[in-house]
Amino acid sequence: MTVQWWQWPSVERQLVTFAKSFLGPHAFSVALTVDPRICQVGVCDFGQRAIAVNPVAIAGPPRQQYLITRGLLVHEVGHARYTTPRVDVAPVVTQVANCLEDERIERIMGSQFWSVRGALTAVGRASYAAVTPLGEPRDDLQDPDDPRWVIVAALHWRWAQRLGEPLKGRLSPRNRGLWRRVRPLVERAWAAPDTGRVYDLADQIVRILGLGPVMPDRVLVLVAPGRGTRKEAAEPRPGGAAAWQGPGEPQAGDDDLPVGVVGAGEPADWTLAPPGPLLRAAEPLASELVARLALPELAQAPEWSDRHGRLSVRAAIRSQDATPFVRAAEPQPDPASVAVGVLLDRSGSMQGAAMEAARLATATLHLACAELGIWHAVTAFEGATPIVRDGEASEQTLARLAGLHANTGTRIGLSYEALLAQMRPRPEALKVLVLIHDGEPEDDTKVRQLNACAADARIEVLGLGVALEAKNRAAMRELFAGRFIDCPTPAVLAPMLAGVVNTFRRR
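Residues numbered from 1 in each chain as written. Predicted model: local features only at pLDDT ≥ 70, side-chain atom pairs only at ≥ 80, totals over all residues. Heavy atoms only, no water.

Would you mind showing me how to read helix α7 (residues 195-209) here?
Think of an α-helix as turning once every 3.6 residues; residues three or four places apart then point the same way. Taking 1.5 Å of rise per residue, 15 residues should cover 21 Å, and α7 covers 21 Å from first to last C-alpha, within 8% of that figure. Buried within α7 we find T195, V198, Y199, L201, A202, I205, V206 and L209. Angular distribution of buried residues about the axis of α7 spans 165°; they occupy a single face of the element. Residues of α7 that are buried in the fold lie against α2 (62-82), α3 (91-112), α5 (148-163) and α6 (173-190). One side-chain oxygen of the residue at the start of α7 lies 3.1 Å from the amide nitrogen of G196, identifying that residue as D194. Once α7 ends, the next one or two residues include G210, with phi positive near 65°. (Helix = DSSP H or I, 4+ residues; strand = E, 2+ residues; numbered from the N terminus. Expected span 1.5 Å × (residues − 1). Buried < 20%, exposed > 50% of the residue type's maximum accessible area, 1.4 Å probe, protein only. Arc of directions from axis to C-beta. Contact = heavy atoms within 4.5 Å. Polar contact = N/O pair within 3.5 Å; in protein donor to acceptor, adjacent residues only side chain to side chain.)

What follows is the structure, given as structure tokens:
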């Protein structure tokens, strides 16, 4: 297993934040999903007040898909802002209106927000490249005289116009005649003042083509539908109806996938897994642990206050004790007072629920330390494998944790020695080594020796068992001479661990 570009939490957050920045006062949730049951390309559901986009709907390298996803999000936000669905018309009219509305709302978004034009153009270019040429038989359209080809031509035409390209393929002579009648209505819909006018033009087109009551969705290639039942009026369209030209607009730059997410090499012995589920489970536990840890406070330097217009530096220096210019800063927790090491059991005996709980506990410790700025190291055994690396993004660590399998032996000594070697020279006053284990090491004598070595180095060693069976709890108590946290579920880890660490600090 590996982590796809859209499964990194930072990328997902960036895309969701990007989309919501254009929503204005319209309250819609925004999500990415690859589940075709939710959406094949993109959807704006007015009933649920939800926008969803499929980040792999259009094939391409990650950086191109990232830009296309931004364009699809802009498209769906455009529906949320400027489309007013109707429920009092035939389904086929709604389907045709949606095809016409797609270009209308993209023109509005592009004219209102210059920065989205490159992403919208990327969607158009990829869509144009992917479509089946007009008239070329396919499963759902075999008859070249089927009038539904004219609706497909309307979709293709908007991309062709955006890119300055011709239509791909040819309509049958009969459908070319129909297209000559329909095309002016299509282009009028693109510049329509509101969705109501688009529905009127769609109804005219349905009558001209003699379409049935429903048109299969699969006919509408690469459509990002704006569906729903919202009754209130859409936001009035501001500005003029002039379209912007796509090819000359930016294609990369600020819209590019964040550096370091795609193509970042990993050692061959690492298996990565999507970190999002682990992050969502660990974040609230880490927040509670942060709130419960009682770190010593560090006095901060006074802060300059500019409460009376411009701040005069000369006056401020002369009156450092005067209220208008200087205020006392709040004391801050001192992260340099504690160092944390985590030794994680990934042996075969940890398979199943025990490994899931151990991963969550480790993720909780990592996020809490990262939030507080506490130096910490995480090592897995066997093999003294470092999971946390200096100066590294949390989500990369979480991807390794999520992909960690319980498939090694249970010799702790080598990994324990490696972690102690990291912690001994640390300058922090309190050093805590947490060993997450099930109490069944092959080298228990070595572990006891290292427990004594850690004590000599004034490193507090704490055995931690999560969701253990009775026999394992007894083994852990004996192995760590009573310095053991028996944590029945990860949910109660924060108060138990914080209480022990706070006790260590007060000693």
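Which parts of the structure should I look at to understand the environment of I205?
With respect to the helices and strands, I205 occurs in helix α7. C-alpha separation for the pair I205 and R181, spaced 24 residues apart in sequence, amounts to 8.7 Å. Look past the residues within four positions of I205 in its chain and what remains in contact with it is V96, L100, I151, V182, L185 and V186.

Would you mind showing me how to read the packing of helix α10 (residues 353-372) against helix α11 (residues 394-402) here?
A pair of packed helices can be characterised by two numbers: the angle between their axes and the separation between those axes. Contact geometry for α10 and α11: axes closest at 10 Å, N-to-C directions at 170°. Taken together, the axis directions place α10 and α11 in an arrangement best described as roughly antiparallel. Of the residues in α11, those in contact with R359, T362, A363, H366, L367 and A370 of α10 are S394, T397, L398, L401 and A402. Of the residues that constitute the contact of α10 with α11, the class distribution is six nonpolar, four polar and one charged. (Axes fitted to C-alpha atoms, helices over the stretch in contact; angles between N-to-C directions. Parallel < 35°, antiparallel > 145°, perpendicular 65-115°, else oblique. Nonpolar A, V, L, I, M, F, W, Y, C, P; charged D, E, K, R; others polar.)

I tried to follow the pattern of salt bridges on my own but got confused; where do I start?
A side chain with one charge may pair with a side chain of the opposite charge, provided their charged atoms come close. With the rule as written, the count across this model stands at 21 salt bridges. Two residues, R183 and E187, come together in a salt bridge whose shortest N-O distance is 3.0 Å. Note that R183 and E187 are positioned in helix α6 at a spacing of four residues, about one turn of the helix. Of the charged contacts in the structure, one is a salt bridge between R207 and D203, with a shortest N-O distance of 2.9 Å. Taken together, the positions of R207 and D203, both in helix α7 and four residues apart, correspond to about one turn of that helix. We classify D203 as partly exposed; its relative accessible area is 27%. Connected through salt bridges with shared partners, the residues E103, E106, R107, R158 and R162 form a single ionic network. (Salt bridge = Lys/Arg side-chain N within 4 Å of Asp/Glu carboxyl O.)

Teacher, can you tell me more about the pairing of strand β1 (residues 29-32) here?
Working note: regular strand, side chains alternate between the two faces of the sheet. Burial along β1 is one-sided: the residues V30 and L32 are buried and none of S29 and A31 is. Pairing of β1 with strand β3 (residues 50-53) involves four bridges; the strand directions are parallel. Bridging across to β3, S29 finds its partner in A50. (Pairing = 2+ DSSP bridges.)

Note that every value here comes from positions in space, so none of it alone points to a role or purpose.
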